[in-house]
Amino acid sequence: MSAIPLHPLTPNSNLARLPRRTGGVQSFPNAEPAWIRWSLIAVSLAFLASFLFVPLTAVFWEAFRKGAAVYWASFQDPDARSAIRLTLLTAMIAVPLNLVFGVAAAWAIAKFDFPGKSVLITLIDLPFAVSPVVSGLIYVLLFGAQGWWGPWLAAHNIRIIFATPGIVLATIFVTFPFVARELIPLMQSQGTEEEQAAIVLGANGWQTFFRVTLPNIRWGLLYGVILCNARAMGEFGAVSVVSGHVRGLTNTMPLHIEILYNEYQFAAAFAVASLLAMLALITLAAKTAVTWKSRGPLEDHANHNSTGDAHEH
Amino acid sequence: MSIEVRDVHKTFGTFAALKGVSLKIQSGELMALLGPSGSGKTTLLRIIAGLETPDDGSGDILFHGENVAALRAAARHVGFVFQHYALFRHMTVFENIAFGLRVRPRRNRPSNDAIRGKVASLLKLVQLENFAGRYPSQLSGGQRQRVALARALAVEPRVLLLDEPFGSLDAKVRKELRAWIRRLHDEIHITSVFVTHDQDEALEVADRVAVMNEGAIEQIGTPEEVYDQPASAFVYQFLGNVNIFEGRIRNGRLRIGCLELPVSSPESADNQPARAYVRPHDIELARIVAGEGVRRGTVQHIHTAGPIVRVGVRTFDGSQTIEVEIAREKHQELDLRVGNVVYYRMRHSQIFVEDYSI
Ligand SMILES: Nc1ncnc2c1ncn2[C@@H]1O[C@H](COP(=O)(O)OP(=O)(O)OP(=O)(O)O)[C@@H](O)[C@H]1O
Ligand SMILES: [Mg+2]
């Protein structure tokens, strides 16, 4: 195992092999002159530093500016605690559901042919294609007081918009593609031969899925879940539309941060923001660990690990 | 366990991949399905295994006289070796082989000890005793192939189906495995069908060969039968190199330019266009005219690499170049050079009128 490339999971399995041999700067016989290489590296490092590293540091810097006491005090605030609780609850519902939906959709798409398949593939990308605000508005249109089903819901005393169900629904919608998009190319590249082999050997449908299909996609699945979780906790736009910003009730962490910020409570805002930033760092670490692990003793896994362009949004 | 396939049709969309295939494989026989790419070999094998279903209402598959057409693949108890092995990549060699035993319903699942014993004996059979802990990605092609075979045999299948078992191996490993699989079959005597598009492989390994072309079986027979008495021009051509002479039948003889060949049943095809098929090793070369039916030509090229010498001879009228194979000693004796005049004679030929042998 050599160094872990910056973007290790590329969609093309042949490409995936290339970066593994390059442990840093490698010189090919006919490569560019050294100064070009070094200036390219310098430019990208400078870019990374100014656009990623500096802001990230700034978050923690601001959070601790007034001292650790103020930092901790920010989390004593009941509204902050409620926001954290709601965020965790939302992720706890949205991520498992998307795990199941995502696996089911990817399985259907990769392993079977059925009419309407291409429509389904396009639909899976829809949440990435539309602005999160529009996603939120869709739910307001459906479930809001003036929405299609609003009167019926009101008559039965069910609240979806401006309540937790709406936030969960919007989050599920926005984060749906992560798992499915991660798995579809992976499952497609693996084909159905192993499943057929299992069936000929006498395995039934469940055994085939749990013993052959699932283990083969486990790393891709974990990867998708990690990204899905990060987005579920960090989603702002769609949630903002359906939440109604009721303090202590329908504010998630990102919404809470915005409110604090608008009220000039910078230290508190950055303190909560630092939690989200921490989540991002943990996500990156977990992602790297998964990537590293998946190319452990079973090299082939890494070659089959591919991620469409699910992380671009 | 005999296998019988009766009048199986298979259509993909509008494309007929199998057009009424019937085939009978004796118990304990090793049968080769030989044919060019796209001729329907894999499709037929998958239908026998139950991985594909014949067109509605067509065809029956019988194992030992019992119709299994309605049975699912899992219930047919066949061993299937896939073209690309399809080993479970996340399992060790041991777990791959044990899979078929582990997924059995509890009441007839062997104990862990029994599974270990069974896998060990299979590993010995395929000569991979020391590889139990490896993953498929850590094996060579030939080793993977043998693991796939052991995995298929672990469930003690009634029949063994192999799809191009040597397809993706290099020539040398192919040869070794070929001989090995023949020995293995002689040892365990399981009714087996293997698909190949390599005629040497089919002729060398199989008890009988079924030659397929465009979704139909052209001929079934022992390797000697299909090679020496090909039923169609296709079979003749597919089983080896061949020189083709176009001509017309007149008065019981096939006239090709100024050459004449006798036709065995002349009445049937008088004045019809026909072709004579001659294998390169069925042509004799000489430096002087001797005997009947000898034609003149010039040596155009000589390839001496390999156990036999291949000589290209341009016919006297310049209409075609015929390929001739002669032994090395013969080549030395003749002392041929490019440009030399030689005399050739067909030792043996087969004549087909529109694909039918006459
Ligand atoms: N699932 C499918 N859908 C559509 N067409 C198919 C399908 N499977 C096979 N075919 C077609 O049926 C024909 C026979 O295919 P098959 O795989 O049986 O050929 P083969 O003899 O095994 O060839 P090869 O030696 O290349 O493996 C081919 O023309 C192929 O394109
Ligand atoms: Mg095939």
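Remember, predicted model here, so these are calculated numbers, not experimental data.

**Looking at the sheet that holds strand S6 (residues 78-81) of chain B**
All names here are of chain B.
And then number 1: Spatial strand order, S6-S7-S8-S3-S9-S10: 6 strands in an open sheet with mixed pairing. Each edge of the open sheet carries a strand with a single partner, namely S6 and strand S10 (216-221). Across this sheet, the average inter-strand angle for adjacent strands is 15°, counted without regard to direction.
And then number 2: Where strand S7 (residues 159-163) and strand S8 (residues 191-196) come together, 5 bridges link them in parallel fashion. When the bridges of S8 are listed, Asp163 appears paired with Val195.
And then number 3: Packed onto the sheet, helix H1 (residues 41-49) meets strand S3 (30-34), S6, S7, S8 and strand S9 (208-213) and runs at close to 155° relative to S7.

**Comments concerning the interface of chain A and chain B**
And then number 1: With 23 residues of chain A at the interface, the matching set in chain B holds 24 residues.
And then number 2: Taken as a group, Val200(A), Leu201(A) and Arg211(A) account for 32% of the area that chain A buries against chain B, more than any other trio of residues on that side.
And then number 3: Applying the counting criterion to the chain A and chain B interface returns 1 salt bridge.
And then number 4: Across the pair Arg89(B) and Glu194(A) runs a salt bridge, and its minimum N-O distance is 2.8 Å.
And then number 5: Residue assignment for the side of chain A that touches chain B shows that the elements contributing at least two residues are helix H9 (193-200), helix H10 (205-234) and helix H14 (299-304) of chain A.

**Overview of the site of ligand 1**
Residues and elements named next belong to chain B.
And then number 1: Lining the immediate surroundings of ligand 1 are 13 residues, of which Ser37, Gly38, Lys41, Thr42 and Thr43 lie closest.
And then number 2: Contact distances for ligand 1 include 2.8 Å between an oxygen atom and a side-chain N or O atom of Lys41.
And then number 3: In this structure, an oxygen atom belonging to ligand 1 sits 2.5 Å away from a side-chain N or O atom of Thr42.
And then number 4: Considering ligand 1 on its own, with 630 Å² of exposed area, one finds that the protein chains cover 61% of that surface.
And then number 5: Elements represented by at least two residues in the shell around ligand 1 include exactly strand S2 (15-25) and H1.
And then number 6: The greatest single-element share of the shell around ligand 1, amounting to 3 residues, is contributed by H1.
And then number 7: Taken together, the residues of the shell around ligand 1 break down into 4 nonpolar, 7 polar and 2 charged.

**So, the confidence of the model for chain A**
Residue and element names in this part refer to chain A.
And then number 1: Of the residues in chain A, 84% have a pLDDT of 70 or more, and the chain-wide mean is 82.
And then number 2: Within chain A, no element has a lower average pLDDT than helix H1 (residues 13-21), which sits at 40, and none a higher one than H9, at 93.
And then number 3: Residue range residues 1-24 is modelled with pLDDT below 50. Its contacts to residues more than four positions away, or to other chains, number 31 contacts.
And then number 4: This model gives residues 297-313 a pLDDT under 50, and the stretch forms 51 contacts once residues within four places in sequence are excluded.

Basis of the calculations
- Residues numbered from 1 in each chain as written.
- Chains lettered and ligands numbered in written order.
- Predicted model: local features only at pLDDT ≥ 70, side-chain atom pairs only at ≥ 80, totals over all residues.
- Heavy atoms only, no water.
- Pairing = 2+ DSSP bridges.
- Helix = DSSP H or I, 4+ residues; strand = E, 2+ residues; numbered from the N terminus.
- Axes fitted to C-alpha atoms, helices over the stretch in contact; angles between N-to-C directions.
- Contact = heavy atoms within 4.5 Å.
- Buried area = accessible area lost by both parts, 1.4 Å probe.
- Salt bridge = Lys/Arg side-chain N within 4 Å of Asp/Glu carboxyl O.
- Near = heavy atom within 4 Å.
- Polar contact = N/O pair within 3.5 Å; in protein donor to acceptor, adjacent residues only side chain to side chain.
- Areas by Shrake-Rupley, 256 points an atom, 1.4 Å probe, with all protein chains shown as cover.
- Nonpolar A, V, L, I, M, F, W, Y, C, P; charged D, E, K, R; others polar.
- pLDDT = per-residue confidence, 0-100.

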